[in-house]
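Next come the chains, spelled out residue by residue.
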Amino acid sequence: MTRRSNERTASLSFLVITIPCYFAGAAIAQEFVPFVIPAKISAQQSIWVKDYKPIETGSERLTAAEHFRRGGRDVRIWGVNLCFGGNFPTHEEAPYVAERLAAAGVNSVRCHHLDTSRWPRGIWNAENGKTIEPQALDRLDYLINELAKRGIFVNLNLHVGRAHSQYLGLPATGTEFDKIAGIFTPALVEAQKQYAKDLLTHANPYCGGVRYADDPAIAFVEITNEDSFFMWGAEEKLRTFPEYYSKILNGQFNAWLRRRYNTDDALRAAWSQGTQPPGDNMLQNSTFTAWDAKRGIPEHWSIEQHEGCRATLSRSQDLPSGAIQVEIGKANSTEWHLQLTQGGCALTEGQYYTVSFQASSVQPRSITCNVSQAHESWANLGLSRRIDLSPQWKKFSLGFTATGSDKNARITFAFSASPTTFSLAQVEVRPGGQMGLTPGESAGAGNVRLFQENESTPRILDRMIFLAETEKAYFDGMRSYIREDLGCGALVTGTIVFGPLGLYAQSDMDYIDSHSYWQHPTFPGRPWDPANWLVEQRPMTDHPDQATLSRIAAERLAGKPFTLSEYNHPAPLDAQAECIPMVASFAAAQDWDGVWLFDYASGSNAWDRQTMSGFFDIDTNPAKWGFVRAGAAIFNGGPKAGQTQPAMRDVGAKNLSPLPAIAKQQAKYGDNMLRLLTATSNIRRDDLLQTQIGFPNATSRIWGPFLGWQMDDLGLTAQTSPVQSQYRLTWWVDAAGHGIYRAVGQAQVYTGHAKRFAEITGDRIRITSPDFVALTITPLGPVGANNHSPLLITACGRCENTGMQFSPDRRTVGRNWGQAPVRIEAVRGSLAVPEGRWTCYALAPNGSRKQCVPISYVDRRDAVPLSPEYGTMWYLLEPQP
């Protein structure tokens, strides 16, 4: 059977030429102008893509080697996410949703959060949530077919937000969406397999009854979203699992130890290596006996109070000797807003330390103990532990290995999360103090705990290796079930990369994936409180040393396709327009294989709204959606099949082989792969503008420069080759902190401050206003007159709804997102035209020609004027004979 096809078919140099043109329409005398891109568009307008081809049932599948391939060509994925109810448009809506996506150059949709909610926001029935809702599946069927008719591949996410434990009658896992527990708990794994079977073996009636598993349009399957033993906060979650889950995991750990060591004597000998008795206390005034009466705190200690939070310290005869009481006057949910600290500790990288103290609280509560730098950038140095307190005094002993050397480290107790009074006593930090197998522990008896206080390094590494092998077995097993048992032809990935061991666990997936956000919203009070949130006003262009793109680039595995399936600079960031130009050009230069922007829409009943809605939805946000067409041209302007591929810098087998070495790197660097690269191979952020990065595959010998490499072969060293990408990247920040980012190649990308455009372009682009601008110049379609393609100029400053009410620092609007219409901050300036004869048009939000723009002769050059009077962010330059 075949899917019914649509009836429709489918570097710059500058000179001086003058083209007459005439105004047509009234000018708009304001800098912010309405720009509502309609939900229903006519794909016949010049701006839109028209040459997509349907994905027929029974046609060739997308495959994966070093890159995605289909039809003998490398394929890049330029996609978006649909979330929650956005996955279920009606039969009337689905065609124009798909048409709008295809017209903008989107060739994949990631169906995300399908499983999180009950109908109508999710796939489960509204009555009891135990079975799939037929109406949801029908709408999903119809959408998939409409997408396929327009050449759009589908990425099905299996486990995202489903808490299977709730529906199986199991104890609550204590983790969001059963994360981590779903990796090792047999009942939860079986529930995931059952859902995969129910979904992937379903036959879609709108494309001849083909199963999802057999449909080439369903090109990707993701096993579980952001889920790993090594994810954010995982150690704390593993330490505090309810008994049902901790018993399962500890049982698996003890079985693993028995296979590895055979006897307790062998285990004891291995874990006792490198142990060291406790040394001298490194803190001053550990017993709080010396008191600074003027400051009202113990000498050598400090109290930090942020965002109006307040606390007082006192001593009392009711407390044990050497104890202080901490009373909270005002607290909020951000724990570090109140901290008791002491700095001045000198730590040595790789040295083991023990933090010990006694504590109690009036009522049960928790605090967090950290060891970090006592100076910018306040980086953690190996310890961050939540401590549960009760009215009974208890001694705590926390061991850690310093992840860096620092002459000015500090111990911190963070406690703003609760107003409950608590007390501390006898706080000490000592080198050494680790133990191996503790008295009474026996793998033979099955009672070795996964975590123990003051662990020896061999014990820590064994735990990490066990977790990595367990995680890899889960992902490999799920992939085998999907591909072999269910016969699914889609490419399968597991989850995103969480450090070296996370990359190891993903190394036998079909492709490697990552997620990232720049200035993700934070919530000082209740999580996801729509009235209480902050987005910091920091352009990524101004902060290259902290840029998410550099970190992502270091997560790649050589020989595998690499994708970024969630990315955004959330609204209402003033610089949000930088998002798509930067990620599209950086990904193209690095030769990544796929980018899915997060997200297109998360609701199914407001496709025609005319306001920017929320942090992430881009469908009605012109600062994002207005750049998607340009982004498609930029991202697809990198290397193509048959061209010379960019050389990849080989970081050497020493970085990912063998597994014990990977565990040591995970222990030292956590999930920061860029830090690992910098430390081991001297690869820094600036190198990523010149060099592609990829880790060798530690589990096989099948890829290019390491063909024949053995896991125990540590002799390979890093090699560097210059990248031959079609894009040249430049990223500078001046002394005033004003950045400019440029990518030049088949297309041109600029993001940054207005005054820097002339500087970086040799005066070819001049920007008068606004202060921060994103601007792209992209070819549209085949070469025409004068050997040029039509060129789309896309330019935008800020983006706001009408009447948005910002706080004085512009970090939030609370619930006051304003009303229609959404508006852009139009750009004022000029842009030199390329050699030849051109006509320029300002385009309307639907992509049609709205107004002719005269090309002027200014300062011995022909230039297109950019102005708010044209009421647009799109200008179309068309070559003339």
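Here, the structure is the one placed above.
What counts, and where the lines are drawn
- Residues numbered from 1 in each chain as written.
- Predicted model: local features only at pLDDT ≥ 70, side-chain atom pairs only at ≥ 80, totals over all residues.
- Heavy atoms only, no water.
- Helix = DSSP H or I, 4+ residues; strand = E, 2+ residues; numbered from the N terminus.
- Buried < 20%, exposed > 50% of the residue type's maximum accessible area, 1.4 Å probe, protein only.
- Areas by Shrake-Rupley, 256 points an atom, 1.4 Å probe, with all protein chains shown as cover.
- Pairing = 2+ DSSP bridges.
- Axes fitted to C-alpha atoms, helices over the stretch in contact; angles between N-to-C directions.
- Contact = heavy atoms within 4.5 Å.
- Lys, Arg positive; Asp, Glu negative; His and termini not counted.
- Salt bridge = Lys/Arg side-chain N within 4 Å of Asp/Glu carboxyl O.
- Parallel < 35°, antiparallel > 145°, perpendicular 65-115°, else oblique.
- Expected span 1.5 Å × (residues − 1).
- Left-handed = near helix turned anticlockwise from the far one by under 90°.
- Nonpolar A, V, L, I, M, F, W, Y, C, P; charged D, E, K, R; others polar.
- Phe/Tyr/Trp six-rings, centres within 6.5 Å; stacked < 30°, edge-to-face > 60°.
- Lys NZ or Arg CZ within 6 Å of the ring centre and 35° of its normal.

Trainee: Just to check I follow, could you spell out the overall build of the protein chain for this structure?
Mentor: Looking only at helices and strands, the protein chain has 16 helices and 42 strands in total. Buried residues in the protein chain amount to 59% of all 881 residues. About 32,900 Å² of surface is accessible on the protein chain, with carbon and sulfur atoms providing 49% of the total.

Trainee: Sorry if this is basic, but what is going on with the sheet that holds strand β13 (residues 302-305) here?
Mentor: Strand pairing in a sheet relies on backbone hydrogen bonds. The paired strands run either parallel or antiparallel. As summarised here, the arrangement of the five strands in space is β13-β16-β21-β18-β19, forming an open sheet in which the pairing is antiparallel. Single-partner strands in this sheet number two, and they are β13 and β19 (380-389). Averaged over all pairs of adjacent strands, the angle between strand axes in this sheet comes to 25 degrees, irrespective of strand direction. Taken together, the four bridges between β13 and strand β16 (residues 338-347) define a ladder with antiparallel strand orientation. Residue I303 lies in a different strand from β16, and its bridge partner there is L340.

Trainee: How should the side chain of T778 be read in this particular structure?
Mentor: Along the chain, T778 falls in strand β33 (residues 772-779). Exposure remark for T778: the relative accessible area of 0% places this residue in the buried category. For T778, the residues in contact, after removing those within four places along its chain, are A630, A633, I634, A747, P790, L791 and L792.

Trainee: Help me understand the sheet that holds strand β1 (residues 32-34) in this model?
Mentor: An order of β1-β36-β35 is seen for the three strands of this open sheet, with the pairing classed as antiparallel. Looking at strand neighbours, the two that pair on one side only are β1 and β35 (799-802), the edges of this open sheet. Averaged over all adjacent pairs, the angle separating strand axes in this sheet is 40 degrees, with direction ignored. In this structure, β35 lies alongside strand β36 (residues 819-825), joined through four bridges in antiparallel fashion. Opposite C799, over in β36, you have I824 as the bridge partner.

Trainee: Looking at this model, I keep getting lost on unusual backbone geometry. Mind explaining?
Mentor: Negative phi values dominate among residues other than glycine, just as trans dominates among peptide bonds. The peptide bond linking E376 to S377 adopts the cis configuration, its omega dihedral lying at 10 degrees. Cis geometry is adopted by the peptide bond preceding P821, which originates at A820 and carries an omega value of 0 degrees. Relative to the helices and strands, P821 resides in strand β36. Backbone geometry places H113, a non-glycine residue, at a positive phi of 60 degrees. Looking at the secondary structure, you find H113 in the loop between β6 (108-112) and α2 (134-149).

Trainee: What's the story with the side chain of E226 in this structure? I'm lost.
Mentor: For E226, the position within the fold is in the loop between β10 (218-224) and α6 (234-239). Despite its burial, E226 pairs with no opposite charge; the closest candidate is K179, at 4.1 Å N-O. Ignoring sequence-local partners within four residues, the contact set of E226 consists of K179, M231, W232, T495, I496, F498, H515 and E566.

Trainee: So what exactly am I meant to see when it comes to the packing of helix α7 (residues 243-261) against helix α8 (residues 264-271) here?
Mentor: For any two helices packed against each other, the geometry comes down to the angle between their axes and how far apart the axes lie. Their axes nearest at 9 Å, the elements α7 and α8 cross at an angle of 90 degrees. The orientation of α7 relative to α8 falls into the category roughly perpendicular. Taking contact as the criterion, the partners of F253, L257 and Y261 in α7 are, on α8, A266, L267, A270 and W271.

Trainee: Would you mind showing me how to read helix α9 (residues 457-485) here?
Mentor: One turn of the α-helix equals 3.6 residues, which is why residues spaced by three or four share an orientation. When the terminal C-alpha atoms of α9 are compared, their 40 Å separation across 29 residues agrees well with the 42 Å that a helix rising 1.5 Å per residue should span. Directly beyond the C-terminal end of α9, a positive phi value near 70 degrees is found at G487.

Trainee: Quick question: what am I supposed to make of the environment of G737 here?
Mentor: Relative to the helices and strands, G737 is located in the loop between β29 (728-733) and β30 (739-744). For G737, a relative accessible area of 30% gives the class partly exposed. Distance in space between the C-alpha atoms of G737 and H543 is 8.3 Å, their sequence separation being 194 residues.

Trainee: What exactly am I supposed to notice about the packing of helix α1 (residues 94-103) against α2 here?
Mentor: The interhelical angle for the contact between α1 and α2, taken along N-to-C directions, is 35 degrees, at an axis separation of 9 Å. Note that α1 runs across α2; the crossing there is right-handed. Listed contacts from α2 to A94, P95, A98 and L101 of α1 are Y142, L143, E146 and L147. Among the residues forming the contact of α1 with α2, the class breakdown is seven nonpolar, no polar and one charged.

Trainee: Is there a simple way to think about the packing of aromatic side chains in this case?
Mentor: Centre-to-centre distance and the angle between the planes together describe a pair of aromatic rings. In the structure shown here, the tally under the stated rule is 41 aromatic pairs. Judged by centre distance (6.1 Å) and plane angle (45 degrees), the rings of F241 and Y245 are tilted. Counting every residue linked through ring pairs, the aromatic cluster contains Y517, F523, W528, W533, F598, F615, F616 and W817. The ring of F84 carries R121 above its face, with NZ or CZ at 4.2 Å from the centroid.

Trainee: Explanation requested: the pattern of salt bridges in the structure shown.
Mentor: According to the stated counting rule, one finds 41 salt bridges in the structure shown. A salt bridge links D388 to R386, with the shortest nitrogen-to-oxygen separation between them at 3.7 Å. The salt bridge involving R483 is made with D510; its shortest N-O contact spans 2.9 Å. With R483 in helix α9 and D510 in the loop between α10 (499-505) and β24 (512-517), the pair connects residues that are 27 residues apart, well separated along the chain. Among the ionic contacts, a cluster of salt bridges with common partners joins D574, R798, E800, R810 and E825.

Trainee: Honestly, the environment of E299 in this entry has me stumped. Any pointers?
Mentor: As for its position among the elements, E299 is in the loop between β12 (297-298) and β13. Taking the C-alpha atoms as reference, E299 lies 6.8 Å from N285; in sequence the two are 14 residues apart. Beyond its immediate sequence surroundings of up to four residues, E299 is in contact with N285, A290, W291 and D292.

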